[in-house]
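# Notes for the structure review
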Amino acid sequence: MNFKNVTSQIDTNEFEEIKNFILNNGDKMTYRNIDSNNPHYKFENCDAFLNSDIGQKNINNDQKISDFNELTIRDWNSDIKYYHLIIIRKGSLKEHKSWVKKGMEEDQIYLVDVYDEGLQLMKNNLTDYLKQIKKEITAINTLSKK
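First things first, this report covers the structure right here in the doc. (Residues numbered from 1 in each chain as written. Predicted model: local features only at pLDDT ≥ 70, side-chain atom pairs only at ≥ 80, totals over all residues. Heavy atoms only, no water.)

### A word on the environment of R74
Short version of the rule: Secondary structure elements follow DSSP: runs of H or I no shorter than four residues count as helices, runs of E no shorter than two count as strands, and numbering proceeds from the N terminus. Whether two residues are in contact is decided by their heavy atoms, any of which lying within 4.5 Å being enough.
As for its position among the elements, R74 is in strand β5 (residues 68-74). Along the sequence, R74 and C46 sit 28 residues apart, while their C-alpha atoms lie 5.6 Å from each other. Here R74 is in contact with Y31, C46, D47, F49, K81 and Y82, once residues within four sequence places are set aside.

### Some remarks on the packing of aromatic side chains
Rule in force here: Centres within 6.5 Å are what make two rings of Phe, Tyr or Trp a pair, Trp counting through its six-membered ring; a difference in plane orientation under 30 degrees is then read as stacked, over 60 as edge-to-face, and the rest as tilted. Only protein chains enter the area calculation, which uses a 1.4 Å probe; residues under 20% of their type maximum are buried, those over 50% are exposed, and those in between are partly exposed.
Summed over all chains, the structure comprises nine aromatic pairs. Each ring, one from W76 and one from Y82, has its centre 6.1 Å from the other, and the planes form 75°; the classification is edge-to-face. With relative accessibility at 49%, the residue W76 sits in the partly exposed group. On the basis of relative accessibility, which here comes to 17%, the residue Y82 falls in the buried class. Seen from their ring centres, Y83 and Y129 are 5.1 Å apart, and the 50° between their planes marks the pair as tilted. Of the two residues, Y83 is situated in strand β6 (residues 82-88) and Y129 in helix α3 (residues 119-145); the sequence distance between them amounts to 46 residues.

### A short note on the environment of I65
Relative to the elements of secondary structure, I65 occurs in the loop between β4 (47-52) and β5. Ignoring any residue separated from it by four or fewer positions in sequence, one finds I65 in contact with I54 and N58.

### Thoughts on the nonpolar core
Defined as follows: Here, nonpolar core means buried Ala, Val, Leu, Ile, Met, Phe, Trp, Tyr and Cys residues that are tied together by side-chain atoms lying within 4.5 Å of each other.
Counting residues in hydrophobic clusters, the biggest one holds 27 residues, and the most contacted among them are I10, I18, F43, L71, I73 and L85. Listing elements by their share of this core, those giving two or more residues are α1 (12-25), β4, β5, β6, β7 (108-113) and α3. Looking at this core, the element that brings in the most residues is α3, giving seven residues. I18 has contacts with I10, L71, L130, I133 and I137, leaving out every residue within four places of it along the chain.

### Re the sheet that holds β6
This is how the line gets drawn: Strands pair, by our definition, only if DSSP identifies at least two bridges between them. Geometry is summarised by axes, namely lines fitted to C-alpha atoms with helices restricted to the contacting stretch, and by angles between N-to-C directions that run from 0 to 180 degrees.
What the seven strands build is an open sheet, ordered β1-β7-β6-β5-β4-β3-β2; its pairing is antiparallel. Both outer strands of the open sheet, β1 (2-5) and β2 (27-29), are each paired with one neighbouring strand and no more. Adjacent strand axes in the sheet meet at a mean angle of 30° when their direction is disregarded. Across three bridges, the pairing between strand β3 (residues 38-42) and β4 is antiparallel. What sits directly across from Y41, in β4, is A48. Packing against the sheet, α1 makes contact with β2, β3, β4, β5, β6 and β7, and its axis sits at approximately 80° to β5. Together, β1, β3, β5, β6 and β7 form the strand contacts of α3, whose direction differs from that of β6 by roughly 75°.

Structure below.
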C-alpha cells in the first residue's frame, strides 16, 4: 500500500478541525463492509467519513471507545472515488493504531492509495476537496457565531 505525506496540504490542526466539525454537525452512515455507523458529513463536492483509530475493534465507530485517525473523502462523480487521509498523532506509532504503516511519522497526515489509483494524481485532486471542505466549515462556523 502506497502513501504520501500531505501535511503541507492539510496540517494536524486542520484535520482535527474537520474531524470535530463532522462529529458535531454530521450524521452516521455506513459506507464500507469493515465497520458501521461512520460519522459522516455531506459537503458540496464530496462526502466525508471518519473511521475509528483502532479499526474493527470499534466496529460501530463509538467515539467513547476510540478516536478517529482516518478521514475518507468519497466522490461518486470522479474517476477516483476514495481519498483516505490518516493522521499519525503523538503515541500512535507505539499504540499500533489502525492504518499506521512502516515509514509513517508522528504529527503528520498521509494520503493512502488503497486502490492503486496513483498518488500524485490523488494528491493533486485532494487540493480541491480540501478547499471546498474548509470553505464550508468556515461559512457554517461563521453563521453559528452570529
